Amino acid sequence: SQYSAVDTNPLSVYIMQPIWNKIIKIVPLWIAPNLLTFSGFVMILFNYFLISFYDWDYTASGTSPGLVPTWVWLFSAFTTFCAYALDSIDGKHARRTQSSTPLGELFDHGLDSWATSIFVLSFFSVCSRDNGKTGVSVYTMYIYLSIVLFNFMCSHWEKYNTGVLFLPWGYDISQVVLIAAYLLTGTVGVEVWQKPLLFGYYITDVLVILLIVFSLFLSFPQTLYNIHRAHLKKTLKNDSLYEGLLPLVSPLLLFILLTVWVVLSPSNILAKQPRLFLWMVGVAFSNVICKVIICQMSSTRPELFHWFLFPLALVVYAAISGLLGRMEEAVLAVFTILVTAAHVHYGVCVGRQLSEHLNIYIFSLKKRVQE
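These figures come from a predicted structure and were not determined experimentally.

Asker: Even after reading the chapter, I still don't get the overall build of the protein chain, so can you show me in this structure?
Answerer: Along its length, the protein chain carries twelve helices and two strands. Along the chain direction, N to C, the helices and strands of the protein chain fall in the order β-α-α-α-α-α-β-α-α-α-α-α-α-α. Overall, the protein chain is about 60 × 50 × 45 Å in size when its C-alpha atoms are taken along their principal axes. Once local pairs closer than 6 in sequence are excluded, the contacts in the protein chain between residues at least 24 apart make up 80%. With 22 positive and 20 negative side-chain charges, the protein chain shows a separation of 6 Å between the mean positions of the two kinds.

Set out below in structure tokens:
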């Protein structure tokens, strides 16, 4: 299917696009667009692991400020900007080099689906977890991450039904806010997050409120409106309500299972291992949503239950029933490693299959030689 996306965000249209159009001119024509996409993702990953090294349990900004060196925050601002730029110019570069392919589209959105959670998890280090005085509780972090992923899922569910990707306004705004937050933390110090901003509210409270308002009152209604409009125009991809709602089943079940684990965990797993747990949430979500993206691109029906829900259900049952006992953290760690490995393996396999099918290389503009 032909890729079509609509971007109506004034920040993007009037400020960022002209910047990207200048940057794109410096990119050599022999560079493959997927290489740009992948480089951006690697930068986000590297930055995430760097922050994790200094702040594994999300306390560095709260109870013991100064644990994360200033240069790390400034480096975070730099990598976030680079990743944002690379993600914004990869499509332009593909059109410039006449190398737009379904593989590029999948590669871009597939990595975005994973990067979305990594951006959020890196940001949590800035505001730190609740220490009684300041910070955000780990449950707020979980809800915050879920809302961001819900937004991402909505745009792709909308594309599954309408065939058009309406780029959410939240994307550009969130990237600019992230870069500003890292710059602020790097220049002023983490203390800025620990002083009330307005009427006793902290910056973090304001950001959480903004996110919820944006998602539930702007993004989601817009998604429903766009689907409704396509229905009126008779341009919907799926005739039946069942078909239209099918891609939402697995993500919703995933969210329910994870929430059950968070709420009923005997050892309070989220408070014990927030970084591991939230990373696992992000990877699991990315894998589920990648299936939806593939179905939407290939006009095939998604399966009702994603395979991943079965092992997750087993682990959650074993955890909340007390079967795991003291092993809960260890099992979470092993499970997280397995899920991550499965996701990477899945990505590599799909990439290989598509590159063979389309007779192209993933990271090079050279054509494959026909066997």
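Asker: Is there a simple way to explain unusual backbone geometry in this structure?
Answerer: Across residues other than glycine, the phi torsion is negative in most instances, and most of the peptide bonds are trans. In this structure, Ser 128 takes a positive phi of about 60 degrees despite not being glycine. Structurally, Ser 128 is set in the loop between helix H4 (102-127) and helix H5 (138-162). Taking relative accessible area as the criterion, Ser 128 reaches 0% and is therefore assigned buried.

Asker: Teacher, can you tell me more about the environment of Glu 191 here?
Answerer: The topology assignment puts Glu 191 in the loop between helix H6 (169-188) and helix H7 (203-232). Sequence separation of Glu 191 and Phe 124 is 67 residues, and the distance between their C-alpha atoms is 15 Å.

Asker: Help me out: how do you make sense of the packing of H5 against H7 in this one?
Answerer: Describing two packed helices takes the angle between their axes plus the distance from one axis to the other. In the contact formed by H5 and H7, the axes pass within 10 Å of each other and the chain directions differ by 15 degrees. As judged from the angle between their axes, H5 and H7 are roughly parallel. When the axes of H5 and H7 are compared, the crossing they make is left-handed. Of the residues belonging to the contact of H5 with H7, the class tally is 15 nonpolar, eight polar and one charged.

Asker: Looking at this structure, I do not really get the pattern of salt bridges. What am I missing?
Answerer: When the charged atoms of two side chains lie near each other, side chains of opposite charge can form a pair. Per the stated rule, a full pass over the model turns up four salt bridges. Across the salt bridge formed by Lys 159 and Glu 105, the nearest N and O atoms sit 2.7 Å from each other. Of this pair, Lys 159 sits in helix H5 while Glu 105 sits in helix H4, and the two are 54 residues apart along the sequence. For Glu 105, a relative accessible area of 9% gives the class buried. The shortest N-O distance in the salt bridge between Arg 301 and Glu 243 comes to 3.1 Å. Pair noted here: Arg 301 is in the loop between helix H10 (274-298) and helix H11 (309-320) and Glu 243 is in helix H8 (residues 241-264), with a separation of 58 residues, a long-range link.

Asker: Sorry, what's going on with the nonpolar core here?
Answerer: Side chains of a nonpolar character, in soluble globular proteins, are inclined to be buried together. Counting 98 residues, the largest nonpolar core has Phe 123, Phe 124, Tyr 144, Leu 254, Trp 261, Phe 277 and Leu 312 as the members making the most contacts within it. Contacts of Leu 312, omitting those with residues within four sequence positions, involve Leu 254, Leu 257, Leu 258, Trp 261 and Phe 335.

Asker: What is the right way to read the packing of aromatic side chains from this model?
Answerer: Given two aromatic rings, one states the distance between the centres and the angle between the planes to describe the pair. Following the criterion strictly, the structure yields 27 aromatic pairs and no others. With centroids separated by 5.1 Å and ring planes inclined at 80 degrees, the aromatic side chains of Phe 53 and Tyr 54 adopt a geometry described as edge-to-face. With relative accessibility at 27%, the residue Tyr 54 sits in the partly exposed group. Among the aromatic residues, those joined into a cluster by ring pairs are Phe 46, Phe 53, Tyr 54, Trp 71, Phe 75 and Phe 78. The ring of Tyr 58 carries Arg 275 above its face, with NZ or CZ at 4.2 Å from the centroid.

Asker: How do you make sense of a nonpolar patch on the surface when you look at a structure like this?
Answerer: A contiguous nonpolar surface patch, about 890 Å² in accessible area, is contributed by Leu 197, Leu 198, Phe 199, Tyr 201, Ile 209, Val 213, Leu 216 and Phe 217. Along the polypeptide, Leu 216 turns up in helix H7. Its relative accessible area of 39% is what places Leu 216 among the partly exposed residues.

Asker: Looking at this structure, how should I read the UniProt feature "transmembrane region" (unreviewed entry) in the protein chain?
Answerer: The UniProt record annotates "transmembrane region" (unreviewed entry) at residues 26-50, 70-86, 136-154, 197-220, 241-264, 276-294, 306-324 and 330-348. The distance separating the terminal C-alpha atoms of residues 136-154 is 26 Å; by composition the span is 89% helix and 0% strand. What you have in residues 241-264 is 100% helix and 0% strand, and the ends, taken at the C-alpha atoms, are 34 Å apart.

Procedures and definitions
Each chain has its residues counted from 1, following the order in which its sequence is written. With pLDDT at 70 or above as the cut-off, local features in this predicted model cover only qualifying residues; side-chain atom pairs require 80 or more to be listed or tallied, and sums for whole chains, interfaces and linings still use all residues. Side-chain metrics rest on all non-hydrogen atoms present in the structure, leaving aside hydrogens and water. Secondary structure elements follow DSSP: runs of H or I of four or more residues count as helices, runs of E of two or more count as strands, with numbering from the N terminus. Note on contacts: a residue pair qualifies if any of its non-hydrogen atoms lie within 4.5 Å across the two residues. Positive charges come from Lys and Arg alone, negative charges from Asp and Glu alone, with His and the N- and C-terminal ends not counted. Here the site of a charge means atom NZ of a Lys, CZ of an Arg, CG of an Asp or CD of a Glu. Burial status follows relative accessibility: with a 1.4 Å probe on protein chains alone, a residue under 20% of its type maximum counts as buried, one over 50% as exposed, and anything between as partly exposed. Here an angle of 0 to 180 degrees is reported between the N-to-C directions of two axes, which are lines fitted to C-alpha atoms, with helices fitted over the stretch in contact. Roughly parallel means an angle under 35 degrees; roughly antiparallel means over 145; roughly perpendicular covers 65 to 115; every other angle is labelled oblique. Note on convention: the crossing is left-handed when the near helix lies turned anticlockwise from the far helix by less than a right angle, right-handed when the turn is clockwise. Under this grouping Gly is polar, as are all residues other than the nonpolar Ala, Val, Leu, Ile, Met, Phe, Trp, Tyr, Cys and Pro and the charged Asp, Glu, Lys and Arg. By convention in these notes, a salt bridge is any Lys or Arg side-chain nitrogen within 4 Å of a carboxyl oxygen on Asp or Glu. By nonpolar core we mean a set of buried residues, namely Ala, Val, Leu, Ile, Met, Phe, Trp, Tyr and Cys, connected to one another through side-chain atoms within 4.5 Å. Only the six-membered ring of Trp is used, alongside the rings of Phe and Tyr, when aromatic pairs are assigned; centres must lie within 6.5 Å, and planes under 30 degrees apart are stacked while those over 60 apart are edge-to-face, with the rest tilted. Two thresholds decide whether a charge sits over a ring: the Lys NZ or Arg CZ must be within 6 Å of the ring centre and within 35 degrees of the ring normal. Patch membership requires over 30% relative accessible area and the absence of a salt bridge. Like charges are linked within 9 Å, and nonpolar side chains (Val, Leu, Ile, Met, Phe, Trp, Tyr) within 5 Å. The Shrake-Rupley method, run with a 1.4 Å probe sphere, supplies the accessible areas, and residue values consider only the shown protein chains as cover. UniProt positions are given in the numbering used here, feature names are shortened, and annotations may be inferred rather than shown by experiment.

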